[in-house]
Amino acid sequence: MKRTLICHIISCLLLFYCMQSKQAAAQSFSKEVFAQRRQQLMDKMEGGVAIFKSATVANRNNDVDYEYRQDSDFYYLTGFEEPESAFLLIPGAEQEFVMFVRQRNPAMEKWAGKRYGAAGSMKVFGADTAFTFHKFEEMLPGYLRGKSKVYYSMNDEEFNNKLLSMMKRRRGNPPKHLIDPLQFVHEMRLIKSAYEIDLLKRSIGITGDAHLEAMKATEPGMYEYEIEAIIEYIYRRNGSPRVGFPSIVGSGLNSTVLHYETNNRQTRSGDVVVIDIGAEFGYYSADVTRTIPVNGRFSKEQKEIYEIVLAAQQAGINMIAPGVRTNEIREKIAEVVKNGLYRLGLITDLDSNWQYRIWYPHGPCHWLGLDVHDAGSYRGTDGKRSRILEAGMVTTVEPGIYVGENSLDNLLQLRKQFGQDVQAEEINNFIDKVRPVANKYTNIGIRIEDDVLVTERGRELLSAKAPREIKAIEDMMKKASFVNK
Ligand SMILES: [Mn+2]
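Residues numbered from 1 in each chain as written. Predicted model: local features only at pLDDT ≥ 70, side-chain atom pairs only at ≥ 80, totals over all residues. Heavy atoms only, no water.

### Description of the overall build of the protein chain
Okay, so step 1: Counting secondary structure elements, the protein chain contains 17 helices and 19 strands.
Okay, so step 2: The globule rule puts the C-alpha radius of gyration for 485 residues at 23 Å, and the 25 Å found for the protein chain is close to it.
Okay, so step 3: Scored against the burial criterion, the 485 residues of the protein chain give a buried share of 51%.
Okay, so step 4: Here the analysis covers contacts within the protein chain between residues at least 6 apart in sequence; of these, 72% occur between residues at least 24 apart.
Okay, so step 5: Taken as a whole, the protein chain presents about 22,900 Å² of accessible surface, with 50% of it coming from carbon and sulfur.
Okay, so step 6: Each charge class in the protein chain can be summarised by its mean position, and for the 64 positive and 63 negative side chains these summaries are 4 Å apart. (Helix = DSSP H or I, 4+ residues; strand = E, 2+ residues; numbered from the N terminus. Rg over C-alpha atoms; globule rule 2.2 N^0.38 Å. Buried < 20%, exposed > 50% of the residue type's maximum accessible area, 1.4 Å probe, protein only. Contact = heavy atoms within 4.5 Å. Areas by Shrake-Rupley, 256 points an atom, 1.4 Å probe, with all protein chains shown as cover. Lys, Arg positive; Asp, Glu negative; His and termini not counted. Charge placed at Lys NZ, Arg CZ, Asp CG, Glu CD.)

Here is the structure:
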């Protein structure tokens with residue numbers, strides 16, 4: 001308890017320090033925060049050695065690589081962003097935190113930028129000792145000698161086999177037990193500290209600004225990628241170095257495609273656009289979706305669907321509080337969606353557990369943090385299938401209803417997904433009744449997504465900056481953007 005309080009005070013001081021300088025906040029680096037996390041993990045280990053490897057560089061074409069981003073768990077425990085690195089945690093050893101990093105190389109650094117090198121990783125990142133990365137595999141058996149447990153997540157294919165063969169050797173007395181350390185790290189990541197919540201608020205705030213600008217700028221004839229570019233310009237201008245995930249800007253029929261990322265259609269008056277986006281800031285990702293009418297006014301049919309999704313989302317948000325199970329939220333949202341669909345005639349049976357899933361095909365919540373679909377188990381720690389919310393968790397709430405032009409055409413093939421044996425006759429009857437209604441709503445996809453922090457007393461809506469109400473969106477769309485002035 002005492003330690004938590006001290007940690008909290010340290011975090012607050014660090015936050016204050018970070019707010020003093022935009023540069024420091026943009027890097028969001030604090031040696032002590034990362035040291036605490038490593039200590040927390042080491043407290044959970046039963047001796048042994050934990051091994052973490054950096055994300056590998058992915059080649060794009062010829063000598064061009066994809067933009068590098070450090071592995072989220074590696075970053076969470078070190079703050080270190082360079083590729084070709086690894087580190088060990090050896091609780092109880094004289095040197096508990098051992099880093100292996102790229103060698104400093106003036107010629108390479110001239111091309112590709114500064115490297116910290118071994119000395120820098122000790123000074124800046126707090127390694128007790130550090131070596132160059134090419135010594136990693138050579139030195140590892142020495143660190144494993146006489147230890148009974150190795151904590152490693154098997155996430156680097158090339159290295160996995162090397163480690164396994166090291167463990168099989170008779171010589172050198174290597175560990176016999178392999179344990180996944182991420183089961184501990186991911187539980188830690190699920191509960192966000194004040195330091196992390198501040199970073200999330202920054203990324204979510206920037207994403208809200210991007211939504212506002214997209215609402216102001218969007219007009220018929222604009223290409224989806226133009227809207228995407230406006231959004232990402234707002235990210236950069238506010239200090240977000242990259243997207244947390246590829247921006248989804250889906251108009252017209254694309255609004256009904258859940259993870260549409262092509263973003264190359266020209267929008268038309270009468271379309272809605274689903275804009276599902278998240279800036280990254282200090283490695284933390286936002287995830288906020290707004291659906292807007294391209295011409296600035298929702299049609300009657302669009303409004304009808306929109307109001308159902310909004311009511312379902314609000315009902316879900318209202319329930320968020322410590323002690324509530326995630327499936328209770330899921331069920332509440334599904335109930336509101338079902339009632340709405342029944343009212344419109346898009347389902348014919350309120351008790352059917354497959355009809356509504358044609359229009360509402362995805363789960364409404366996921367954890368949010370370093371990864372947009374963040375780490376942390378969705379199962380209850382009590383063995384139950386859903387988790388009890390605790391203060392410090394951050395979840396999205398994102399129901400959606402999608403009326404695709406083919407939604408009713410492939411039902412017979414898709415029925416296996418319903419997880420039960422629905423008779424063809426039942427499906428054909430359903431299609432006959434519902435098709436005329438579905439035609440009215442064709443190509444309307446509505447998703448509304450917000451990010452919610454579970455607090456001691458209830459909840460905090462982190463993504464309130466971009467409006468969700470129909471009138472507020474239409475009013476915002478009347479305003480001028482710097483883009484089309
Ligand atoms: Mn999401």
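### Concerning helix 17 (residues 470–478)
Okay, so step 1: Burial in helix 17 covers these residues: Ile 470, Ile 473, Glu 474, Met 476 and Met 477. Along the long axis of helix 17, the arc covered by the buried residues comes to 160 degrees, so they all point the same way. Looking at helix 17, the residues exposed on the side facing more than 90 degrees away from the buried face are Lys 471 and Lys 478.
Okay, so step 2: Check the buried side of helix 17 and you find it contacts helix 10 (194–217), strand 14 (288–293) and helix 12 (300–319). (Arc of directions from axis to C-beta.)

### Notes on the sheet that holds strand 9 (residues 242–243)
Okay, so step 1: Sheet architecture is open: 3 strands sit in the order 9-12-13, paired in antiparallel fashion. Both edges of this open sheet fall to strand 9 and strand 13 (284–285), since each of them pairs with a single strand only.
Okay, so step 2: Pairing analysis gives 2 bridges linking strand 12 (residues 279–281) to strand 13, with the strands arranged antiparallel. Bridging across to strand 13, Phe 281 finds its partner in Tyr 284.
Okay, so step 3: Strands in contact with helix 10 are strand 12 and strand 13; relative to strand 12, the strand with the most contacts, it is inclined by about 145 degrees. (Pairing = 2+ DSSP bridges. Axes fitted to C-alpha atoms, helices over the stretch in contact; angles between N-to-C directions.)

### Here's the deal with the domain arrangement of the protein chain
Okay, so step 1: Domains assigned within the protein chain are domain 1 (26–188) and domain 2 (192–478).
Okay, so step 2: Spacing between the C-alpha centres of domain 1 and domain 2 amounts to 37 Å.
Okay, so step 3: Carbon and sulfur atoms supply 50% of the area that domain 1 and domain 2 bury against each other, a total of about 1,400 Å² over both sides.
Okay, so step 4: Inspection of the region where domain 1 meets domain 2 yields 3 salt bridges.
Okay, so step 5: Between Glu 187 and Arg 387 there is a salt bridge, with its nearest N and O atoms 2.6 Å apart.
Okay, so step 6: It is helix 4 (residues 72–78) that provides the largest number of residues to the side of domain 1 that touches domain 2, a total of 3 residues. (Domains from an automatic or database assignment. Buried area = accessible area lost by both parts, 1.4 Å probe. Salt bridge = Lys/Arg side-chain N within 4 Å of Asp/Glu carboxyl O.)

### So, the confidence of the model for the protein chain
Okay, so step 1: Taken over all residues, the pLDDT of the protein chain has a mean of 92, while the share at 70 or more is 94%.
Okay, so step 2: Note that pLDDT drops below 50 for residues 1–7; the model gives that stretch 3 contacts with residues more than four away or on any other chain.
Okay, so step 3: Of the regions scoring below 50 in pLDDT, residues 12–27 engages in 14 contacts with residues more than four places distant in sequence or in other chains. (pLDDT = per-residue confidence, 0-100.)

### Things to note about the pattern of salt bridges
Okay, so step 1: Summed over all chains, the structure comprises 27 salt bridges.
Okay, so step 2: One salt bridge connects Arg 297 with Glu 474, and the closest N-O pair in it is separated by 3.7 Å. A residue pair is termed long-range when its members are at least 10 positions apart, and Arg 297 in the loop between strand 14 and helix 12 and Glu 474 in helix 17 qualify at 177 residues.
Okay, so step 3: Looking at Arg 297, the relative accessible area reads 54%, which means it is exposed.
Okay, so step 4: Its relative accessible area of 9% is what places Glu 474 among the buried residues.
Okay, so step 5: Sharing partners across several salt bridges, the network here consists of Asp 73, Arg 189, Lys 192, Asp 371 and Asp 374.

### A look at the coordination of the manganese ion
Okay, so step 1: Note on the manganese ion: its protein donors are Asp 287 (OD), His 366 (NE2), Glu 398 (OE) and Glu 449 (OE). The metal-donor distances range over 2.0 to 2.3 Å.
Okay, so step 2: The class of His 366 is buried, set by a relative accessible area of 8%.
Okay, so step 3: By relative accessible area, Glu 449 is classed as buried at 0%. (Donors = N, O, S within 2.8 Å, 3.2 Å for Na, K, Ca; no water.)

### Overview of the pairing of strand 11 (residues 272–277)
Okay, so step 1: Most of strand 11 is tucked away: 6 of the 6 residues are buried.
Okay, so step 2: Of the two faces of strand 11, the one holding Val 272, Val 274 and Asp 276 and the one holding Val 273, Ile 275 and Ile 277 are both buried throughout.
Okay, so step 3: In this structure, strand 10 (residues 248–251) lies alongside strand 11, joined through 4 bridges in antiparallel fashion. Each residue of the ladder has a partner; that of Ser 251, found in strand 11, is Val 273.
Okay, so step 4: Pairing analysis gives 6 bridges linking strand 11 to strand 14, with the strands arranged antiparallel.

### Description of the packing of helix 12 against helix 13 (residues 326–344)
Okay, so step 1: One way to put it is that helix 12 packs onto helix 13 with a least axis distance of 8 Å and a crossing angle of 160 degrees. One way to sum up the angle between helix 12 and helix 13 is to call them roughly antiparallel. For the pair helix 12 and helix 13, the crossing hand works out as right-handed. Contacts between helix 12 and helix 13 involve Glu 304, Ile 305, Ile 308, Ala 311, Ala 312, Ala 315, Gly 316 and Met 319 on the former and, on the latter, Glu 328, Ile 329, Lys 332, Ile 333, Val 336, Val 337, Gly 340, Leu 341, Arg 343 and Leu 344.
Okay, so step 2: For the contact of helix 12 with helix 13, the residue count by class is 12 nonpolar, 2 polar and 4 charged. (Parallel < 35°, antiparallel > 145°, perpendicular 65-115°, else oblique. Left-handed = near helix turned anticlockwise from the far one by under 90°. Nonpolar A, V, L, I, M, F, W, Y, C, P; charged D, E, K, R; others polar.)

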